[in-house]
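If you want the building blocks of each chain, they are given just below.
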Number of protein chains: 2
Amino acid sequence: MNKRPLIVTCIALVLLTIFAEAKTVNVKLLPSGIDATPYIVEAIKKCKASKATKLVFEKGTYHFTPEFAEEKYLFTSNNDEGLKRIVFNLTGMKNFEVDGQGSAFIFDGFVTPFLCDKSTNIRIGNLSIDYKRTFHSEGTIVGAYTDSLDIQFSKDYPYIVQNNKLTFTGDKIIGKDNAGEPKRVIYPFWHLLEFDINKREPHPFAGDYLNVQNMVVKELSPGIVRIFYPRLKGNVGNIMVFNASDRINSAITITDSENIYVNNVDILHAGGMGVVGQRSRNIYLDNFNVIAPKGRMLSLVADATHFIGCGGEISLKNCKFESMMDDATNIHGIYVKIIELISPNEALVKLIHYQQFGYDFLFAGTKVEITEAESLIPYQENKVKKSVRINKEYTRVTFEQPISPKVKVGDVVASTQEYPDVHIKNCTLQKNRARGFLLGSRGKIVVEDCYFHTHCAAINLEGDGRFWFEQSGVRDLTIRNNVFDNCNYSFMLGLGVIQVNSGIEESKRAESRYNRNILIENNKFRVFNPCILSMYSVDNLTFRNNTIEKNNDYVLSDWMKNVDLKPFMITNSSNIKIEE
Amino acid sequence: MNKRPLIVTCIALVLLTIFAEAKTVNVKLLPSGIDATPYIVEAIKKCKASKATKLVFEKGTYHFTPEFAEEKYLFTSNNDEGLKRIVFNLTGMKNFEVDGQGSAFIFDGFVTPFLCDKSTNIRIGNLSIDYKRTFHSEGTIVGAYTDSLDIQFSKDYPYIVQNNKLTFTGDKIIGKDNAGEPKRVIYPFWHLLEFDINKREPHPFAGDYLNVQNMVVKELSPGIVRIFYPRLKGNVGNIMVFNASDRINSAITITDSENIYVNNVDILHAGGMGVVGQRSRNIYLDNFNVIAPKGRMLSLVADATHFIGCGGEISLKNCKFESMMDDATNIHGIYVKIIELISPNEALVKLIHYQQFGYDFLFAGTKVEITEAESLIPYQENKVKKSVRINKEYTRVTFEQPISPKVKVGDVVASTQEYPDVHIKNCTLQKNRARGFLLGSRGKIVVEDCYFHTHCAAINLEGDGRFWFEQSGVRDLTIRNNVFDNCNYSFMLGLGVIQVNSGIEESKRAESRYNRNILIENNKFRVFNPCILSMYSVDNLTFRNNTIEKNNDYVLSDWMKNVDLKPFMITNSSNIKIEE
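Right, let's walk through the structure included here. This one's a predicted model, so the numbers in the text were calculated from it and none came from an experiment. (Residues numbered from 1 in each chain as written. Chains lettered and ligands numbered in written order. Predicted model: local features only at pLDDT ≥ 70, side-chain atom pairs only at ≥ 80, totals over all residues. Heavy atoms only, no water.)

## So, the relation of the copies chain B and chain A
Superposition of chain B onto chain A requires a rotation of 180 degrees combined with a translation of 0.0 Å along the rotation axis, giving an RMSD of 0.0 Å. Given the turn and translation reported, the copies of this chain are related as if by a two-fold rotation axis. Both copies share a contact surface, since 100% of the interface residues of chain B are interface residues in chain A too. (Least-squares fit on C-alpha atoms with pLDDT ≥ 70 in both. Contact = heavy atoms within 4.5 Å.)

This is the structure:
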């Protein structure tokens, strides 16, 4: 990709045929090594100008770099904000389809493949997304000692060691810094996790090492680095994954959009999530597969999919969610914190988590709940009359009704305007770190015919007003006809295969019923871990007609054996019907 | 500043009196410890709404934080781009004055004090600017060994040492990171320079240590850190300054504005420059003083003033430029590099230096020179017919005239539309690192009645098309009635008191005459360094009626003695008249 063609003059080489009737723009395969970005930027402009409905690629491999991509500052929740370079910038487009016809799209550098922003009726299909240099790095453990490991890196993960610090880089020098020294693209990391070389999944009961970016290292020979960190452990022959610090470039970002279809898309890698949708309605993923290619342990550096403040329908069908560094999906709203009660009707609120900054959702007319942070119990429903955005963190909100006198500074506000109905069917989840599905919509949710072999809980009901500030709490959740195959082989983020992990204070769990109306039926649980359900503050749960098969595929360590694990660990709940 | 008042409700406490005739908004002194930002944001809104002409502060100390400041993405050349928090956001204002009446403005955190953007007839006066926690850090050298120093930090420079890495921080925990660990504001550093404790200026002949951010350290006891770096040297009792990596928050940013007056303003510190002006006309600084407060070696982390692509007049009168980490001023244009010659009239051009990204200056009608990068000799004058911005780096330019056939990829383009006339009078320059005035305007420039005691050259004629990409080259420069007192006591960036340091290739210097028409008269040179003028590629220079006094105040080291220093080292030049 060093070869830069005469980028502007050559655009004519790509046949952009516009058929008057079909309104299709065709992209011909480019000579090998050519950066396709300027052609695509031009092609999309042509599509907009001619109101074309399809951009169709001749089947083949296309390369994209940030060099000539369009720029836009994006605030995407649960991702890192910033001025992004975007290749397929579909902002404002309607009734448009990108058809890769089976093409492979290879990105190189800090570039976002697809953006739908205020887009309607968009189809993205028949293509795969990968990156030449991944945002994370992987190395083989070739030596293990007390508090240190020797890691061997292939040429796929260029790095430099300077002053005993490890820095992952791109493969070329891109200029000079202010000291006149060679400058490279830097791929920051902050997290280590050991993966099992045979199973190609997180090593059983291996834990995260977080904030390790400043660990001391020593280069033993080119490609082999000794890394030192307190209590660092690993097994020779396994792979250590050095995960990216940031979520800069998700593969497909959908914001303020409607009716988005992603079909037959394989995500082999991206520097963020696979699909992230926010403030959008009707997102349909079919045969959307997140998978690590041969030779790599990790697919994505974060979640496969993530949906924030969406409505309408979310549909995940026939998908593979494999090898990500985070969950298969997380569907939730956002809580802002009340910083000041200004007047009976007015409050100053703040987005707390830095990856939520700029997520604006309190507009005139938005229905909200004002909720106790400790219990997640709403004091009241209310409606926004007026809001003034101060900056990406603060908004001053005027409500239609007086704020309940019980509300105090530190409590939280979330939208109740709309929740998505969620249908997840026939998906496979395995080889990833962390959880499977984090379900936090109050719409109707069905999870069926899926296969789960997840590192932590397969299904997790999260939500809290103190740390992640993600609004959750299900009202109608059906989990049926799934296979849960030795899920939660880490105990890293809770004990159950299906669990509640909401941030409700212990003292408030007796009165809180954050999750309600859950039906778990006709599933098969293959378990080495005796804990199937770990829950609290639930109302109306039925567990029936499920099969439980016990095995000894994983060996619990001593401390785990000392935890009094039971199949159904349910506290502070009502109307629980367990039919084993 | 931890104390957050009821920020919105209290605004009424500040008397914002609007006199119908005088159109003055008065700001009353706030209770101690109150963040004044939301009041000022509100006050400026009121000023805009009422078309007030003055914002007047009751004399006192005011504190500002980024918390409730306005946000704007700024591309300011020679600074770091980004989404900034701005307190005095004077965007679009006309005929407006901020009068501090002698007040002290103390900022805390990553916040920009003043922004003039498309502003006209603005006066900022009678105030001082400082920061509670400086963007750089300073420590006393308490031990010196081979390749290591022990540094003692006061409580003014909070830091953490983790895994043998030194990180400077703010003084409080501001939340949690994704690992749930305490999060602090981080003040990155990259540069070390030793300052003499008695002279309060860079230690004689001490050099920069750059890119030291990853050096290995060991905390010996609270407040005392041993730092290791190859060939690191320092003298016990002196101060080591750890300079900021970035130029994030200049004190006063002026962009696309006209008639800006800054009078009676003291800058004690900012996380960038003092005044930076770009694409603006008529900027007048009078009694504008950059000075380090007692107890600190450094004032600003970068230049005192900097002007890019300006026109009209630039006037610096009765100013002190002291203790900055960079030059007193730098006045220049920008060269973009030709990446592709698209057609006889079209080229693809690129901003190369990352701190110039987003500096757009090629608009329809802009007169330009197309210049050979190696010699800085223009091939031709031309004019922009049309330009299309691709992103912050690339622009596609159509010229009115065909591009000279001699022009090749790698050559550069700069604006010749307008250059400022520069008048610098009665200014004092001392105690800073690097140069005094970098003069790169082709307008009339007069520097008179100034006192210079600068670490590198007092007056430097720079400009290059290969590294900094700063367009320069004087046409009418008069330097008269100044005192040059032992300037260039570092030899770090050239040998002369007054020098040319342009990036012209050796092989091209014989034909290039980048700087022209220079008169140096009636100055007094006090010199330990025999080299007064170090120049090349100059046409028409007269040096007359100057006094030269030699002294031995600084002792040259052995290698310096081996450089054959002469008073007038002028090569590849024409019409040079030296009257000693």
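## Considering the interface of chain B and chain A
With 53 residues of chain B in contact, the opposing surface of chain A contributes 53 residues. Between chain B and chain A, the buried area comes to about 4100 Å², and carbon and sulfur atoms account for 53% of it. Where chain B touches chain A, the interface holds six salt bridges. Ionic pairing is found between B:Lys350 and A:Glu67, a salt bridge with its closest N-O pair at 3.0 Å. Linking chain B with chain A are 22 residue pairs in polar contact (both at pLDDT 80 or more). Those elements that place two or more of their residues in the side of chain B that touches chain A are β4 (70-74), β5 (82-89), β12 (165-176), β28 (336-343), β29 (346-350) and β32 (394-399) of chain B. (Buried area = accessible area lost by both parts, 1.4 Å probe. Salt bridge = Lys/Arg side-chain N within 4 Å of Asp/Glu carboxyl O. Polar contact = N/O pair within 3.5 Å; in protein donor to acceptor, adjacent residues only side chain to side chain. Helix = DSSP H or I, 4+ residues; strand = E, 2+ residues; numbered from the N terminus.)

## Some remarks on the pattern of salt bridges
All names here are of chain A. Under the definition given, this model contains 86 salt bridges over all chains. As a salt-bridge pair, Arg 433 and Asp 326 come within 3.7 Å of each other at their nearest N and O atoms. Note that Arg 433 is positioned in the loop between β35 (428-430) and β36 (437-439) and Asp 326 in the loop between β26 (320-322) and β27 (329-334), a separation of 107 residues in sequence. Assigned by exposure class, Arg 433 and Asp 326 land together as buried. Residue Glu 448 is joined to Arg 480 by a salt bridge in which the shortest nitrogen-to-oxygen separation is 2.8 Å. With Glu 448 in strand β37 (residues 444-448) and Arg 480 in strand β41 (residues 476-480), this residue pair connects regions lying 32 residues apart in the sequence. (Buried < 20%, exposed > 50% of the residue type's maximum accessible area, 1.4 Å probe, protein only.)

## Description of the sheet that holds strand β33 (residues 412-415) of chain A
All names here are of chain A. Pairing is antiparallel in the closed barrel, where six strands are placed in the order β28-β29-β32-β31-β30-β33. On average, each strand axis in the sheet is tilted by 45 degrees relative to the strand beside it, whichever way the strands run. Sheet topology places strand β28 (residues 336-343) next to strand β29 (residues 346-350); five bridges connect them, and they run antiparallel. Across the sheet, the residue bridging to Ile 338 is Val 349, located in β29. (Pairing = 2+ DSSP bridges. Axes fitted to C-alpha atoms, helices over the stretch in contact; angles between N-to-C directions.)

## Some points on helix α1 (residues 37-50) of chain A
Residue and element names in this part refer to chain A. For α1, which comprises 14 residues, the first-to-last C-alpha distance of 20 Å matches the rise-based estimate of 20 Å (1.5 Å per residue) to within 8%. Within the sequence span of α1, burial applies to Thr 37, Pro 38, Tyr 39, Ile 40, Val 41, Ala 43, Ile 44, Cys 47 and Ser 50. Against the buried residues of α1 lie β1 (24-27), β2 (54-57), β3 (61-64), β4 (70-74), β5 (82-89) and β6 (94-107). Positive phi appears at Lys 51, one or two residues downstream of α1, with a value of about 50 degrees. (Expected span 1.5 Å × (residues − 1).)

## Overview of the nonpolar core
Soluble globular proteins tend to pack their nonpolar side chains together in the buried interior. Among the nonpolar cores identified, the biggest contains 151 residues, and A:Phe88, A:Phe242, A:Phe321, A:Phe437 and A:Leu439 are the most heavily contacted of them. Not counting chain neighbours up to four residues away, the residues in contact with A:Phe437 comprise A:Leu316, A:Phe321, A:Ala328, A:Thr329, A:Ile424, A:Leu429, A:Val447, A:Cys450, A:Phe452, A:Ala458, A:Ile459 and A:Asn460. Counting residues in each nonpolar core, the second largest holds 143 residues, with B:Ile34, B:Phe88, B:Ala302 and B:Phe399 among its members. (Core = buried A, V, L, I, M, F, W, Y, C linked by side-chain atoms within 4.5 Å.)

## A look at the environment of A:Arg247
Residues and elements named next belong to chain A. Here Arg 247 is to be found in the loop between β19 (239-244) and β20 (252-255). Residue classification places Arg 247 among the buried positions, given a relative accessible area of 16%. Measuring from C-alpha to C-alpha, the distance between Arg 247 and Gln 355 comes to 9.1 Å, with 108 residues separating the pair along the chain. Once you skip the residues sitting within four places of it in the chain, Arg 247 turns out to touch Asn 78, Asn 79, Asp 80, Lys 84, Gly 271, Gly 272, Met 273, Ala 302, Asp 303, Asp 326 and Gln 355. In terms of polar contacts, Arg 247 uses its side chain to reach the side chain of Asp 326, at 3.0 Å.

## Some points on the packing of aromatic side chains
Per the counting criterion, the structure on display carries 73 aromatic pairs over all chains. Three or more aromatic residues link up through ring pairs in this structure, and these residues are A:Phe57, A:Tyr62, A:Phe64, A:Phe88, A:Phe105, A:Phe107, A:Phe110, A:Phe114, A:Tyr131, A:Phe135 and A:Tyr187. Above the ring of B:Tyr261, the side-chain terminus of B:Arg123 is found at 4.0 Å from the ring centroid. The ring of B:Tyr536 carries the charged tip of B:Arg509 above its face, separated from the ring centre by 3.6 Å. (Phe/Tyr/Trp six-rings, centres within 6.5 Å; stacked < 30°, edge-to-face > 60°. Lys NZ or Arg CZ within 6 Å of the ring centre and 35° of its normal.)

## Some thoughts on the side chain of A:Arg296
Structurally, A:Arg296 can be placed in the loop between β23 (281-290) and β24 (305-308). Not counting residues up to four positions away in its chain, the partners in contact with A:Arg296 are A:Asp130, A:Tyr131, A:Thr134, A:His136, A:Glu138, A:Tyr157, A:Arg200, A:Leu268 and A:His269.

## Overview of the side chain of B:Glu521
All names here are of chain B. Here Glu 521 shows up in strand β44 (residues 515-521). For Glu 521, a relative accessible area of 14% puts it in the buried group. A distance of 2.8 Å separates polar atoms of two side chains, one belonging to Glu 521 and the other to Arg 544. Ignoring sequence-local partners within four residues, the contact set of Glu 521 consists of Ile 479, Arg 480, Asn 481, Arg 544, Asn 545 and Asn 546.

## A few points about the sheet that holds β32(B)
Residue and element names in this part refer to chain B. Reading around the barrel, the six strands line up as β28-β29-β32-β31-β30-β33 and close back on themselves, with antiparallel pairing between neighbours. The sheet shows a mean angle of 45 degrees between the axes of neighbouring strands, taken without regard to direction. As paired elements, strand β31 (residues 378-389) and β32 share five bridges and run antiparallel to each other. Residue pairing for β32: Val 388 is matched across the bridge by Arg 396.

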